[in-house]
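# Secondary and tertiary structure notes
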Amino acid sequence: MANDQLKKDLKNILKIKGAITKQRPVKGLIKKEAFCRFIENYKFANDRTLLLKTDFAVDFVNFEEAFVQSIEALLEASFNKSQVQIIHWWLYDKWNAGDEVLQLNNVETGDEIPSDTPEELWDLVQSLK
């Protein structure tokens with residue numbers, strides 16, 4: 001009864017049209033979303049730095065070095081060596097191979113390993129635990 005009244009009051013106060021539940025997001029999903037946000041933002045910042053350097057001859061590498069080293073240290077603290085290597089590959093090599101985008105292939109089957117999106121990278125990183 002008290003829960004029903006609380007839900008009704010919250011709906012009225014917050015003008016919520018959907019259902020209110022007590023369920024919290026799964027911890028793994030929160031980590032995946034945070035990882036994907038990080039990867040997208042870091043790739044954007046890295047691409048912007050490369051664009052400034054190549055198109056406008058403005059080199060921010062020395063300025064950004066302390067930030068990059070801090071981020072690298074956090075990656076090393078959060079992931080094992082194999083996971084860090086695949087994250088580095090995705091950030092620095094996959095998209096910067098000239099006109100082509102590098103792909104990973106399964107050595108045994110020759111099949112391409114999905115790695116085009118941050119979500120696919122997360123799945124790949126999780127498989128390397």
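Calculation criteria
- Just so you know, the residues in each chain are numbered from 1, in the order the chain's sequence is written.
- Local features in this predicted model are restricted to residues whose pLDDT is 70 or higher, and side-chain atom pairs enter the listing and the counts only when it is 80 or higher, whereas totals over whole chains, interfaces and linings include all residues.
- Note: side-chain values were computed over all heavy atoms of the structure, leaving out hydrogens and water.
- Secondary structure elements are defined from DSSP: runs of H or I of at least 4 residues count as helices, runs of E of at least 2 residues count as strands, and each element is numbered from the N terminus.
- Think of it in three bands: with a 1.4 Å probe and only protein chains considered, a residue is buried below 20% of the maximum accessible area for its type, exposed above 50%, and partly exposed in between.
- Only four residue types enter the charge count, namely Lys and Arg as positive and Asp and Glu as negative; His and the chain termini do not.
- Here, a salt bridge means any Lys or Arg side-chain nitrogen found within 4 Å of an Asp or Glu carboxyl oxygen.
- Between N or O atoms, a polar contact is any pair within 3.5 Å; within protein, one atom must be a potential hydrogen donor and the other a potential acceptor, and residues adjacent in sequence are included only when both atoms are from side chains.
- Any two residues whose heavy atoms approach within 4.5 Å at even a single point are treated as in contact.
- Nonpolar core, defined: a set of buried Ala, Val, Leu, Ile, Met, Phe, Trp, Tyr and Cys residues in which side-chain atoms within 4.5 Å join the residues together.
- Here an axis means a line fitted to C-alpha atoms, over the contact stretch when the element is a helix, while the angle between two N-to-C directions is reported on a 0 to 180 degree scale.
- Each angle receives one of four descriptions, namely roughly parallel if under 35 degrees, roughly antiparallel if over 145, roughly perpendicular if within 65 to 115, and oblique otherwise.
- Definitions for this section: a left-handed crossing has its near helix turned counterclockwise from the far helix by less than a right angle. A right-handed crossing has that turn clockwise.
- Residue type decides the class: Asp, Glu, Lys and Arg count as charged, Ala, Val, Leu, Ile, Met, Phe, Trp, Tyr, Cys and Pro as nonpolar, and the leftover types, Gly among them, as polar.

By the element assignment, Glu72 lies in helix H3 (residues 61–78). Buried and unpaired, Glu72 has Lys81 as its nearest opposite-charge partner, separated by 13 Å. A distance of 2.6 Å separates the side chain of Glu72 from the side chain of Tyr92, its partner in a polar contact. Excluding anything up to four places from it in sequence, Glu72 contacts Tyr42, His88 and Tyr92.

Moving on to the nonpolar core. Residues Phe35, Ile39, Phe79, Ile86, Ile87, Leu121 and Val125 are the most contacted members of the largest nonpolar core, which totals 16 residues. Going through the elements one at a time, helix H2 (27–56), helix H4 (81–94) and helix H5 (118–127) are the ones with two or more residues in this core. For this core, the element with the most residues is H4, which contributes 6 residues. When near neighbours in sequence (up to four residues on either side) are disregarded, Ile87 contacts Phe35, Ile39, Leu75, Phe79 and Val125.

Glancing now at the packing of H2 against H5. Each pair of packed helices can be summarised by the angle the axes make with each other and by the distance between the axes. For the pair H2 and H5, the least separation of the axes is 9 Å and the interaxial angle reads 120 degrees. The pairing of H2 with H5 is recorded here as oblique in orientation. For the pair H2 and H5, the crossing hand works out as right-handed. Every residue of H5 that contacts H2 at Gly28, Lys31, Lys32, Phe35, Cys36, Ile39 and Glu40 is listed here: Pro118, Glu119, Leu121, Trp122, Asp123 and Val125. Counted by class, the contact of H2 with H5 contains 7 nonpolar, 1 polar and 5 charged residues.

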